[in-house]
Amino acid sequence: MKIISGNSNRPLAEAISSYLNLPQAKAVVKRFADMEIFVEIQENVRGQDVFIVQSTSFPANDHLMELLIIVDALRRSSARRITAVVPYFGYARQDRKSSPRTPISAKLVANLITRAGVDRVLTLDLHAGQIQGFFDIPTDNLFAGPVLVRDIKDHYDLRNTVVVSPDVGGVVRARALAKRIGTPLAIVDKRRDRPGESEVMNIIGDVKDHSCILIDDIVDSGGTLCNAADALLAQGAKDVAAYITHGVLSGGAVARITSSKLKSLVITDSIQPTEAVKVARNIRVISIAPLIGEAIGRTAREESVSSLFD
């Protein structure tokens, strides 16, 4: 078994290698002067089971091309099986035609990865579950739930806690976590009566005098979380925190969250945190390396991965 990392999240790849007690395979992934990507695998991988750790996070196109070129280099080096470990799958929010004459980019990216020569995909908390079916190869969609549950139990009194979905679309995810930790569920229902008017937030469920935990898969601009926190506090919530799998945090998101009423935002390291994230007063990063490392080990040994979440 070999582990190779692109440039998207080397610290996570190193943590996974450390968990498996397996040094990373020697490889060069660099740029030419015109920013073309060059890859060279510097050790023998013939007949090996190779895992490429590469999130397709910002800059998404560069990191996606790195992944595809690494796959091609391994395929031409006679690797026995190539597994793409993509902790954060970019383009996942473009999973359907949202309006006429628009692409389904998530399917296109799945096709690119498959056609490049990947035999198996290992990813984490896909934005939409149906994306798993966009791949014509075996695809394991891991869940960060066990990691988040462990952290929540360490930091909260569950007798006075409510899990909250920040929108109606995330109810299934929030309900699953609430069931896992044995807490009630609440939902933030947001609606805009007329174009140009601010959104009205209605809270479904009892949050008064409770600690509220917002659950979602992606935080990008942070606007939805901050608005949901304001609405929950206005309904009498004691405090509001958020647990999110993928901290995209683009633009001024970090500043927005730092100045918000959120007690804390907990994200995983599926995307390499920026310096701004590391120094933010109310943002904390927890590692999913043990979860992914265990899934990689089980895949290599041909053992069950789904049993991780039983």
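See the structure above.
Okay, so let's go over this structure. (Residues numbered from 1 in each chain as written. Predicted model: local features only at pLDDT ≥ 70, side-chain atom pairs only at ≥ 80, totals over all residues. Heavy atoms only, no water.)

## Regarding the overall build of the protein chain
Looking only at helices and strands, the protein chain features nine helices and 14 strands. Since a compact globule built from 310 residues should have a radius of gyration of about 19 Å, the 20 Å found for the protein chain is in line with a globular shape. In terms of overall dimensions, the protein chain has a C-alpha envelope of 60 × 45 × 35 Å along the principal axes. Within the protein chain, buried positions represent 52% of all 310 residues. Sequence separation of 24 or more characterises 61% of the internal contacts of the protein chain that already satisfy a separation of 6 or more. For the protein chain, the accessible surface area stands at approximately 14,600 Å², while carbon and sulfur atoms represent 49% of it. Looking at charge distribution, the protein chain has the averaged site of its 38 positive side-chain charges lying 1 Å from that of its 35 negative ones. (Helix = DSSP H or I, 4+ residues; strand = E, 2+ residues; numbered from the N terminus. Rg over C-alpha atoms; globule rule 2.2 N^0.38 Å. Buried < 20%, exposed > 50% of the residue type's maximum accessible area, 1.4 Å probe, protein only. Contact = heavy atoms within 4.5 Å. Areas by Shrake-Rupley, 256 points an atom, 1.4 Å probe, with all protein chains shown as cover. Lys, Arg positive; Asp, Glu negative; His and termini not counted. Charge placed at Lys NZ, Arg CZ, Asp CG, Glu CD.)

## Focus: the packing of helix α2 (residues 60-75) against helix α3 (residues 105-116)
Two elements in contact, α2 and α3, have axes whose closest approach is 9 Å; the angle formed by their N-to-C orientations is 20°. Classified by the angle between their axes, α2 and α3 sit roughly parallel to one another. Here α2 and α3 pass one another in a crossing that is right-handed. When α2 is examined against α3, the residues Leu64, Leu67, Leu68, Val71 and Arg75 are found in contact with a partner set consisting of Val109, Leu112, Ile113 and Ala116. The residue makeup of the contact of α2 with α3, split by class, is eight nonpolar, no polar and one charged. (Axes fitted to C-alpha atoms, helices over the stretch in contact; angles between N-to-C directions. Parallel < 35°, antiparallel > 145°, perpendicular 65-115°, else oblique. Left-handed = near helix turned anticlockwise from the far one by under 90°. Nonpolar A, V, L, I, M, F, W, Y, C, P; charged D, E, K, R; others polar.)

## Re the environment of Ile16
Note that Ile16 resides in helix α1 (residues 10-20). On the basis of relative accessible area, Ile16 is assigned to the buried category, the value being 0%. Each C-alpha atom of the pair Ile16 and Arg298 lies 13 Å from the other, and the pair is 282 residues apart in sequence. Ignoring sequence-local partners within four residues, the contact set of Ile16 consists of Ile3, Val53, Ala289, Ile292, Gly293 and Ile296.

## Thoughts on the sheet that holds strand β1 (residues 2-5)
Sheet architecture is open: five strands sit in the order β1-β4-β5-β6-β7, paired in parallel fashion. In this open sheet, the two strands that pair with only one neighbour each are β1 and β7 (139-142). Between one strand axis and the next, the sheet turns through 20° on average, direction left out of account. Direction of pairing for β1 relative to strand β4 (residues 49-53): parallel, over a ladder of four bridges. Counterpart to Ile4 in the pairing with β4 is Ile52. Contacts from α1 reach β1 and β4 within the one sheet, and its direction differs from that of β1 by about 165°. (Pairing = 2+ DSSP bridges.)

## Focus on the pattern of salt bridges
Here the structure, examined in full by the defined rule, presents 19 salt bridges. As a salt-bridge pair, Lys2 and Glu43 come within 2.5 Å of each other at their nearest N and O atoms. Of this pair, Lys2 sits in strand β1 while Glu43 is found in the loop between β3 (37-41) and β4, placing the two residues 41 residues apart along the sequence. Take Glu43: its relative accessible area is 26%, and that puts it in the partly exposed class. As a salt-bridge pair, Arg173 and Asp216 come within 3.5 Å of each other at their nearest N and O atoms. (Salt bridge = Lys/Arg side-chain N within 4 Å of Asp/Glu carboxyl O.)

## What about the packing of helix α4 (residues 145-155) against helix α5 (residues 171-181)?
Look at α4 against α5: their axes get within 11 Å of each other, and the N-to-C directions meet at 50°. Put simply, α4 runs oblique to α5. Between α4 and α5 lies a crossing whose hand is right-handed. When α4 is examined against α5, the residues Pro146, Leu148, Val149, Ile152 and Lys153 are found in contact with a partner set consisting of Leu177, Arg180 and Ile181. Tallied by class, the residues present in the contact of α4 with α5 amount to six nonpolar, no polar and two charged.

## Quick notes on α1
Buried within α1 we find Leu12, Ala13, Ile16 and Ser17. Considered in projection along α1, the buried side chains sweep an arc of 140° and stay on one side of the axis. Just downstream of α1, Asn21 is the residue with a positive phi angle, here 55°. (Arc of directions from axis to C-beta.)

## Let's talk about the packing of aromatic side chains
On inspection of all chains with the given rule, the structure shows four aromatic pairs. Seen from their ring centres, Phe143 and Phe309 are 5.4 Å apart, and the 85° between their planes marks the pair as edge-to-face. Of this pair, Phe143 sits in the loop between β7 and α4 while Phe309 sits in the segment after α9 (289-300), placing them 166 residues apart in sequence. Classification of Phe143 by relative accessible area gives partly exposed; the value is 40%. Between Tyr156 and Tyr243 the ring centres are 6.5 Å apart and the planes differ by 65°, which places this aromatic pair in the edge-to-face class. Of the two residues, Tyr156 is situated in the loop between α4 and β8 (161-165) and Tyr243 in strand β12 (residues 239-247); the sequence distance between them amounts to 87 residues. Like Tyr243, Tyr156 is buried. (Phe/Tyr/Trp six-rings, centres within 6.5 Å; stacked < 30°, edge-to-face > 60°.)

Coordinates in, geometry out; function isn't part of it.
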